[in-house]
Amino acid sequence: MIELINIQKKYLLGNKSINALNDISIKFEEGKLYGIMGESGSGKSTLMQIIGLLIKPTSGILKIDGHKTSKLSEKNIANLRKEKLAYIFQSFNLIPTMNVTENVILPLYTNRNLTKKEKIERVNNLLNSLGIENRNKHYPNQLSGGEQQRVAIARALCNNPDIILADEPTASLDKENSIKILSIFKKLSNQKKCVIVICHDDIIKDYADEIIYLKNGRMEIIDEIN
Amino acid sequence: MKLIDMIKIGIKEFYKNKANYFNTIFISIAISIVIFCLAFSNSLNNYWNQSVKKMVDYRTFFVYYDPNEKTEKEALTELQSYNTIESISPYTSYIINMRMFEELNNTTEINLFLFGVPKNTVTISNGNNIDNYNSSDKVMVCPENIFYEYKKGNKTEKKEINLNNLLGKQISLKFIDDDNKIENFKLIGTYDSSMRQGKENFCYTNSDIVTNLNLYYQPEAFKEEEGIIYPLIVRLKSTDNIQETLKKFEKDHFYTNGDPVVKIDTTIGNKILNLITLISLLVGIISIIVIILISIKNQYNQNKKYAIFKTIGYNRVDIIKLQCIESFFCILVTLVLILIITTFIIFVFQRYYVNHEEMLYGLKLIISKFNIVLGISFCIIINILLALIRNNKVKKNNIMEELKS
């Protein structure tokens, strides 16, 4: 589903070049939950952002469903983000001027295949499955951290993506909410989705099928847990 | 993306974004003041131009000659040869200050200036002109609305009354300094009051009548004395001939101060215009600075928002369309505000200043179609510029950098 071949990412800091990622080659398959772990600065977020097409690698090849992403136009990349990829941020990144329903339905405005009724039904189903249906008229600043994260997940899942990328989704949450979120991800992976999660917490090991350890921009170990 | 969905998001983003409120209010006020300034300038120029064309005294000059060089007869003969001159009259025929002694609404004082003219001078709106009468007939033409003074507390106020119902009737006049003799004049015609400048009552009769009145009531004022030279009253055929005629006067050793006897006093009008222009410039500059600062600050919030849109599958074209819709609502609200503010400013200015300012009597503030088009264009251009700046930012911005900002 996702294939990285010799991915490198360098950043320029003044005159100095910093290698955020060094020679990363890995494959991600559907139906699995992957955990990415490592110390701060090890390149986890950079790797995730490259996979999520938010930044471009300095060199190397990224393939999604067999297609090289380097050859894609801006429009095609946007379509990929719309139809295949979903990105969940640590800081939620909800639109503050829109309520929960409006935030969640936002990706569906670009979907011409659904009627208005179907869109609303899908949004309501998502909110129900995540347990936040009674907060649908609230604004992000009226929600707890866990609720905001669930709204972000609902928004990400709206277009039924095949690949779900979550960058530290539990960083701002307590243990109970973290477990809820990771359980949701596990369910998604069981639905044949490819779920990749960055997580500091060892709790990820209870859910992930594989753990990838990064250190100084390189892959150290891949642990097949389940 | 469907248009209806774009409009929903656009409307929501418009009224949720506080920066839009500031922008629309500032732009509306700035453009309203600019439109008002232009409207005032156009209306004032129109007012002066129309007055010049219609009021005879704006082409009347006092012309002097050197009695050591020529006699009065020689001066008259020489001036009569000018093809730009309509009439020449002696000084005694020019003007006399009278009082109207007719009871009109229990008034006490109606002062008027009686001008002597050789023939048709003003455009009559009701009745006849003095051309239809002999030069010895005591007939007069007055403005449709005449001012009378009355005391209001310590102040003297002026009010208008209509004379049209006295057309064809005899009106009693007295000389300003004489309480005894009554001079009866027949009101034969009236002219559009707004064609005079200020709130003075200018009436017209035959030149010979004014000469006779002046020699009767104030002969000492016209006594020939050594050292005093009385001018001739020269009326030109048109204000177009003024410069040409003044040059010829100079060449032929006639002297005039270069200004018509009654000239348009543009002082107050110009002062107001300069003040309004200055205010509008200041408001315009301050508004532009404020708008730019608010837009820069707002841009950071907008960039982050549109970066989030990009992460959920919106492409640049979708985002630009959303911004255009938001701009469209900004333009719409701005135009409505401009209409309200400009109408209000003009109403207040007309009612509480212009209508009470004597030198601007009859001035009507009107917004021309050109002013409206200019205002609308300016409003649209500013909003499009802001949209282009935003578009440029959307094009260039890096998603992750914007999300972290």
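Residues numbered from 1 in each chain as written. Chains lettered and ligands numbered in written order. Predicted model: local features only at pLDDT ≥ 70, side-chain atom pairs only at ≥ 80, totals over all residues. Heavy atoms only, no water.

## Quick look at the overall build of chain A
Test applied: Under the DSSP-based scheme used, a helix requires at least four consecutive residues in state H or I and a strand at least two consecutive residues in state E, with every element numbered from the N terminus. Computation of the radius of gyration draws on C-alpha atoms alone. For the globule rule, the value is 2.2 Å times the number of residues to the power 0.38. Relative accessibility under 20% of the residue-type maximum defines a buried residue, over 50% an exposed one, and the middle range a partly exposed one, all with a 1.4 Å probe and only protein chains included. Any two residues whose heavy atoms approach within 4.5 Å are treated as being in contact. Working definition of accessibility: Shrake-Rupley area with a 1.4 Å probe, residue cover restricted to the visible protein chains. Charge convention: Lys and Arg are scored as positive, Asp and Glu as negative, and His as well as the terminal groups of each chain are ignored. Positions of charges follow a simple convention, taking NZ of Lys, CZ of Arg, CG of Asp or CD of Glu.
Across its full length, chain A carries six helices and ten strands. Here the C-alpha atoms of chain A give a radius of gyration of 17 Å, agreeing with the 17 Å that 2.2 N^0.38 yields for 226 residues. Taking the principal axes of its C-alpha atoms as reference, chain A extends roughly 50 × 40 × 40 Å. Relative to its 226 residues, chain A shows a buried fraction of 53%. A fraction of 69% describes how many contacts in chain A between residues 6 or more apart in sequence connect residues 24 or more apart. Just so you have it, chain A exposes about 10600 Å², and 44% of that area is on carbon and sulfur atoms. Counting 32 positive and 26 negative side-chain charges, chain A places the averaged centre of each group 7 Å from the other.

## Focus: unusual backbone geometry
Negative phi is the rule for most residues except glycine; trans is the rule for most peptide bonds. All names here are of chain A. Phi angles above zero are rare outside glycine, and N6 is one such case at about 50°. Within the element layout of this structure, N6 appears in strand β1 (residues 2-13). A residue is classified by how much of its surface remains accessible, and N6, at 40% relative accessible area, is partly exposed. Although it is not a glycine, D23 sits at a positive phi angle of roughly 50°. Along the chain, D23 falls in strand β2 (residues 16-28). Since its relative accessible area comes to 44%, D23 is described here as partly exposed.

## A short note on the side chain of A:K186
Residues and elements named next belong to chain A. In plain terms, the rule: Whenever a nitrogen or oxygen atom comes within 3.5 Å of another N or O atom, the pair is scored as a polar contact, on the condition that within protein one atom can donate a hydrogen and the other can accept it, and that pairs from neighbouring residues in sequence are kept only if both atoms are in side chains.
Looking at the secondary structure, you find K186 in helix α6 (residues 175-190). A polar contact of 3.1 Å, which involves the side chain of K186, links it to the side chain of D209. In this structure, K186 is in contact with L33, Y207 and D209, ignoring residues within four places of it in sequence.

## Quick look at a nonpolar patch on the surface
Residue and element names in this part refer to chain B. Selection criterion: Patches were defined on residues exceeding 30% relative accessible area and lacking a salt bridge, with like-charge contacts within 9 Å and nonpolar side-chain contacts (Val, Leu, Ile, Met, Phe, Trp, Tyr) within 5 Å. Each reported salt bridge corresponds to a side-chain nitrogen of Lys or Arg within 4 Å of a carboxyl oxygen of Asp or Glu.
A contiguous nonpolar patch, built from I372, I376, I380, I381, I384, L385 and L388 and spanning about 580 Å² of accessible area, is present on the exposed surface. Examined against the element boundaries, L385 turns out to sit in helix α8 (residues 369-396). Note on L385: relative accessible area 48%, which makes it partly exposed.

## Considering empty space enclosed by the protein
Put simply, the test is: The way it works is a 1 Å grid over only the protein atoms, where trapped points that fit a 1.4 Å probe form a cavity and open points with protein on both sides within 12 Å along at least five of seven lines form a pocket, and then any residue with an atom within 4 Å of a point lines it. Grid points are joined across faces, edges and corners, and a volume is the space filled by probe spheres set on the points.
Scanning all chains against the criterion turns up two cavities of 30 Å³ or more. Counted as a void, the largest cavity has a volume near 80 Å³. Around the largest cavity, the lining comprises 13 residues; the ones closest to its centre are A:R81, A:L85, A:A86, A:A156 and B:I312. Within the residue set of the lining of the largest cavity, elements represented by two or more residues are α2 (74-83), β6 (85-88) and α5 (145-157) of chain A. The element that contributes the greatest number of residues to the lining of the largest cavity is β6(A), accounting for three residues.

## Regarding the sheet that holds strand β12 (residues 232-236) of chain B
Residue and element names in this part refer to chain B. Operational definition: Paired strands, in this sense, are two strands between which DSSP finds at least two bridges. As a rule, the C-alpha atoms of each element are fitted with a line to give its axis, helices using only the stretch in contact, and angles between N-to-C directions run from 0 to 180 degrees.
Read from one edge of the open sheet, four strands run β2-β12-β1-β13, paired in antiparallel fashion. Edge positions in the sheet fall to β2 (85-90) and β13 (254-255), since each has one partner strand and no second. Pairing of strand β1 (residues 60-65) with β13 involves two bridges; the strand directions are antiparallel. Across the sheet, Y64 pairs through a bridge with Y255, a residue of β13. In this fold helix α3 (residues 72-80) packs onto β1, β2, β12 and β13, with an angle of close to 5° to the strand it touches most, β12.

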